[in-house]
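# Notes for the structure review
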Amino acid sequence: MRMPDDGPPSKKFRYTVQHRSTYDGNNGYVPEKLQQERRNLPIYPAKGKIINQIQRLDTAILIGETGSGKTTQIPQYLLEANVNKNAIIAITQPRRVAAITISQRVAEEQGTELGQRVGYCVRFEDVTSENTKIKYMTDGMLLREAILDPLMKRYSIVILDEAHERTIHTDVLFGVVKQAQARRKSRGIRPLKILVMSATMDVDHFSAYFNAAPVLYLEGRQYPVQVYYAPEPQSDYTFSSIVTLFQIHRVEPPNKDILMFLTGQEEIESAVRTIRDITRSAEENMAPLIVCPLYAALPSYAQLKVFKPTPRGCRKVIVATNIAETSVTIQGIKFVIDSGVVKAKVFNPNSGLDLLKVVKVSKAQALQRTGRAGRESAGSCYRLYTEQEFEHFSDNTVPEIQRCNLSSVVLQLLALGISDIINFDFMDKPSTESIIAAVHQLHNLGAVVKEISIKLTPVGRQMAAFPLEPRLSKTLLIAKENNCLEEILTIVSLLSVDSVLVTPQSKREEALAARQKFVSSEGDHIMLLNIYKGYKAVKGSKEWCMENFINQRNMKTATEVRKQLYDICERMEFPRKSCGNDTATIRKCLAHGFFMNAAELQKDSSEYTSLSSRKTVSIHPSSVLFRCKPAYVIYNELIQTTKCYMRDLCVVDPDWLYEAAPIYFKRKKPGT
Ligand code: CDP
Ligand code: MG
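Remember, predicted model here, so these are calculated numbers, not experimental data. Position labels on residues start from 1 in each chain and follow its written sequence. The lettering of chains begins at A and the numbering of ligands begins at 1, in the order of writing. Owing to the predicted nature of the model, reporting of local features is limited to residues with pLDDT of at least 70; listing and counting of side-chain atom pairs is limited to 80 or more, with chain, interface and lining totals taken over all residues. Side-chain descriptors were evaluated using all non-hydrogen atoms of the structure, hydrogens and water having been removed beforehand.

## A look at the overall build of the chain
- Secondary structure elements are taken from DSSP: a helix is a run of H or I of four residues or more, a strand is a run of E of two residues or more, and numbering for both begins at the N terminus. In terms of regular secondary structure, the chain is built from 25 helices and 23 strands.
- Radius of gyration here uses only the C-alpha atoms, and the compact-globule reference equals 2.2 Å multiplied by the residue count raised to the power 0.38. Here the C-alpha atoms of the chain give a radius of gyration of 26 Å, agreeing with the 26 Å that 2.2 N^0.38 yields for 672 residues.
- With the principal axes as the frame, the chain shows a C-alpha extent of 80 × 75 × 55 Å.
- Three exposure classes are used, based on accessible area relative to the maximum for each residue type with a 1.4 Å probe and protein chains only: buried under 20%, partly exposed in between, and exposed over 50%. When burial is assessed residue by residue, the chain has 55% of its 672 residues classed as buried.
- Accessible surface computed for the chain: about 30,200 Å², of which carbon and sulfur atoms make up 50%.
- Counted as positive: Lys and Arg. Counted as negative: Asp and Glu. His and the chain ends are not counted at all. Lysine's charge is taken at NZ, arginine's at CZ, aspartate's at CG and glutamate's at CD. For the chain, the distance from the average site of its 88 positive side-chain charges to the average site of its 72 negative ones is 3 Å. All accessible-area figures derive from a Shrake-Rupley calculation using a 1.4 Å probe, and residue coverage is judged against the displayed protein chains alone.

## Side note on the domain arrangement of the chain
- Throughout the structure description, domain borders are defined by an automatic or database domain assignment. With domains assigned, the chain is organised as domain 1 (12–218), domain 2 (225–400), domain 3 (405–462), domain 4 (465–593) and domain 5 (594–672).
- At the interface, 7 residues of domain 2 touch 9 residues of domain 5.
- Two parts placed together each lose some accessible area under a 1.4 Å probe, and adding up what both lose gives the buried area. Buried area between domain 2 and domain 5, summed over both chains or domains, comes out near 660 Å², and the portion from carbon and sulfur atoms is 62%.
- When a carboxyl oxygen of Asp or Glu lies within 4 Å of a side-chain nitrogen of Lys or Arg, that pair is called a salt bridge. At the junction of domain 2 and domain 5, the tally comes to 1 salt bridge.
- Glu266 serves as the salt-bridge partner of Arg647, at 3.2 Å between the closest nitrogen and oxygen.
- The term polar contact refers here to a pair of N or O atoms within 3.5 Å; inside protein, the definition further demands a hydrogen-donor-capable atom paired with an acceptor-capable atom, and it admits residues adjacent in sequence only when both atoms are side-chain atoms. Connecting domain 2 to domain 5 are 3 residue pairs in polar contact (both at pLDDT 80 or more).
- Residues are grouped as follows: Ala, Val, Leu, Ile, Met, Phe, Trp, Tyr, Cys and Pro are nonpolar; Asp, Glu, Lys and Arg are charged; every other residue, Gly included, is polar. Residue composition of the side of domain 2 that touches domain 5, by class: 3 nonpolar, 1 polar and 3 charged. Two residues form a contact once any of their heavy atoms are found within 4.5 Å.

## What about the nonpolar core?
- In this text, buried Ala, Val, Leu, Ile, Met, Phe, Trp, Tyr and Cys residues form a nonpolar core when linked through side-chain atoms within 4.5 Å. Ranked by size, the top nonpolar core spans 126 residues in total, and within it Met152, Met646 and Leu657 carry the most contacts.
- Contacts of Met646, omitting those with residues within four sequence positions, involve Ala599, Tyr608, Val617, Ser618, Ile619, His620, Val633, Tyr635, Glu637 and Leu638.

## Things to note about the sheet that holds strand E6 (residues 155–160)
- Should DSSP find at least two bridges between two strands, the strands are regarded as paired. Strand order across the open sheet formed by 8 strands is E4-E3-E5-E2-E6-E7-E1-E8, with mixed pairing between neighbours. Of all strands in the sheet, those bounded by a partner on one side alone are strand E4 (125–127) and strand E8 (215–217). Each adjacent strand pair in this sheet contributes to an overall mean axis angle of 20°, direction not counted.
- Across the sheet, helix H4 (residues 70–80) is in contact with strand E1 (59–63), strand E2 (88–93), strand E5 (134–138), E6 and strand E7 (193–198); its angle to E5 comes to roughly 145°. Under this scheme, a helix contributes an axis fitted over its contacting stretch, all axes are lines through C-alpha atoms, and angles between N-to-C directions fall in the 0 to 180 degree range.

## Regarding the site of ligand 1
- Near ligand 1 lie 13 residues; those nearest to it are Gly67, Lys70, Thr71, Thr72 and Gln331.
- Separating an oxygen atom of ligand 1 from a side-chain N or O atom of Thr71 is a distance of 2.6 Å.
- Contact between ligand 1 and Gln331: an oxygen atom at 2.6 Å from a side-chain N or O atom of the residue.
- Alone, ligand 1 offers 530 Å² of accessible surface; in the complex the protein occludes 89% of this.
- Counting only elements with at least two residues in the shell around ligand 1, the list comes to H4 and helix H5 (96–110).
- No other element matches the 3 residues that H4 contributes to the shell around ligand 1. When we say a residue is near a molecule or strand, we mean one of its heavy atoms is within 4 Å of it.

## So, H4
- Summarising burial for H4: 10 of the 11 residues are buried, a large majority.
- Taken as a whole, H4 has its buried residues at Lys70, Thr71, Thr72, Gln73, Ile74, Pro75, Gln76, Tyr77, Leu78 and Leu79.
- Of the residues trailing H4, Asn82 is marked for its positive phi of about 50°.

Take a look at the structure:
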């Protein structure tokens, strides 16, 4: 389906425009090719109608297939027609990568420098200015802003994008923007328009929630996709994916790209290595294969590779997490290989355990994945599960709010002045048990008191000021009391970024040897601190990072995060104190913040038992404590693979745990 366009601009026009500077605010130069691409998007013919409708409505829901142009075009259309009345248009994204890459693209389409008319704002990074009118931001950031300004006064339009993903922050935002809209109306403040954009058709639910808001349907572009099921259940989906990939690659002509869905960074990097190894050793005369990983934590320069057109005679294979399901659009895909699994957070309110584990996708997700093969012409999708297995997938993905630890969100809602959490206007309510579990956790951390209603304590209010999960922000407050804010700030910052350790498979021994000088028998947190000290001592030298197998980019990000956290501490007048080499104090602070994540060594075994839920857990092989058996540890997170592993550990004294929460441990004093 071809779209009508406005025809090419006259030669004269093109000539004049090209003599302007590339970026000059309002009249930036936009290459004709980009303008043409915009006009070719499926959304373009509906432009006038969409603007009219949104002009008229307070709230609307827009449904359109992935790739139709919702995320990149709608904000620009609204700006061009000044529907925003000179105020800012906010567009939320569940993922920071999407917020960043999309704002880059839109800035280009507008011919302005990123951070000028078009900008983005994600945790620890704000690329906007007073000129910014289109602001891409993570849903988490908008929620955070709402704490300071619950009426969201600086925005005239809020677009909640990728609503079908139902992330916990988007779900809470549904209620928060709805409330802001109503309050602004009743107080006669400039109206707030809400636009909910989604790629799937679960619209009745959205519409009902937003007081029967009208639904605008976009005609998408979808060609038929042939679906192939596995004849029998597959025991190793990574292996099956790679086998399928090479079966396709052998027989299909080049330049038909492949999109493969796996679950997480480590798995994807390992699959990418295997694919590259096979390609190198292949005897047959196969077309060159360009292998690109794609996951949220990947640095942006590496992500851009995914979007580059494939050279003639080659084939590109993108090995991605569910990020490629709907939030980023990649051209040229003809084949999809769907493992049928996704990594998801699962929370058990009874045990208080928050686990990251691989689970089956929903039917809706499987359909989205399949659809990616048919955006430009007919394609094929290879499902690595049987048709019978597919029939047993759940219809829709369970909203994150119904399967996650809610302590961060409850803390934020309380900071927003919403104390009756159980009766908050959720689109889908989380279970009462998980709300209660979250309140308990916050109570254990001293963040709330339970009187007639639940109230934030002064400690809780301070915790909410940090863009961190409650356990980490509490640890910072404890560090202030114990004069080791400098050290804990460093550790918290390093835990908030992607791993700074680089361990290439081919140079594993060398990397481990280089790391030896930082290793601490007290655990991973202290090792991170040692690395940071080493890095600062050489002023962040690139050579030092290379020699020591440290990721310089992540180190820089951590330094930036640290500075921002420090600024918050400064505003709250926390004294900047260091405890020098007194690592026991540092570990004590960690124990006081993370006592709910403590485990003790089982007798005559190398396994541990978590103190909160009495579950058997093990030390992750990546930990410096992997070969040690300290009696008590605290951990940063649990991940479930073949076993339930604790990641990022610190050796602690059981007395510290007891001191931290005598009531919590009253049933069983650690160490007795
Ligand atoms: O939001 P939706 O899935 O409807 O589409 P979009 O994200 O607005 O993308 C529309 C088109 O913009 C894609 O098909 C790509 O051609 C292009 N695009 C791009 O080239 N680079 C980006 N970073 C984002 C979008
Ligand atoms: Mg989109």
